[in-house]
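Listed here are the chains, written in short residue letters.
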Amino acid sequence: MPHPVLSQIPGAPLKGLAAADQLWQDYREGNRPIPKVVTTAPEALAPPELDVLICGGTLGILLGATLAKAGWRVALLERGQLRG
């Protein structure tokens, strides 16, 4: 048994970790479709009311998610596609 300690914990965390690892591997190898999250509109948008604008990156994404969860109005500016 490769993970004797994890396999004994109630709730099967080893299976959850294996599923998360497989999902991450699929994203890394390009085997999962990346949903379209950016849309365009012909008319100009009203200026957004924001508390903070974060310039992406891994830490920026985590910081933005944390601030949004705390009730801040957050915008995230990312240069490339978000993956994983």
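The text that follows walks through the structure, step by step, so that each part is easy to find. (Residues numbered from 1 in each chain as written. Predicted model: local features only at pLDDT ≥ 70, side-chain atom pairs only at ≥ 80, totals over all residues. Heavy atoms only, no water.)

1. Quick look at the side chain of Asp-26
Mapped onto the secondary structure, Asp-26 falls in helix H1 (residues 13-28). Summary of buried charges: Asp-26 has no salt-bridge partner, and the nearest side chain of opposite charge, Arg-32, is 4.6 Å away. Within the structure, Asp-26 has its side chain in polar contact with the side chain of Gln-22 (distance 2.9 Å). In this view, Asp-26 contacts Asn-31 and Arg-32; residues no more than four positions away in its chain are not counted. (Helix = DSSP H or I, 4+ residues; strand = E, 2+ residues; numbered from the N terminus. Buried < 20%, exposed > 50% of the residue type's maximum accessible area, 1.4 Å probe, protein only. Lys, Arg positive; Asp, Glu negative; His and termini not counted. Salt bridge = Lys/Arg side-chain N within 4 Å of Asp/Glu carboxyl O. Polar contact = N/O pair within 3.5 Å; in protein donor to acceptor, adjacent residues only side chain to side chain. Contact = heavy atoms within 4.5 Å.)

2. Topic: the pattern of salt bridges
Inspection of every chain in the model, using the stated rule, returns two salt bridges. Arg-73 is the salt-bridge partner of Glu-49, the closest N and O atoms lying 3.5 Å from each other. You can see Glu-49 sitting in the loop between H1 and strand E1 (52-55) and its partner Arg-73 sitting in the loop between helix H2 (57-69) and strand E2 (74-77), a full 24 residues away along the chain. By relative accessible area, which is 64% here, Glu-49 ends up exposed. For Asp-51, the salt bridge is made with Arg-73, and the minimal N-O distance between the two is 3.0 Å. Here Asp-51, found in the loop between H1 and E1, pairs with Arg-73, found in the loop between H2 and E2; they are 22 residues apart in sequence, far enough to count as distant. Taking relative accessible area as the criterion, Asp-51 reaches 40% and is therefore assigned partly exposed. It is possible to trace a salt-bridge network through shared partners that takes in Glu-49, Asp-51 and Arg-73.

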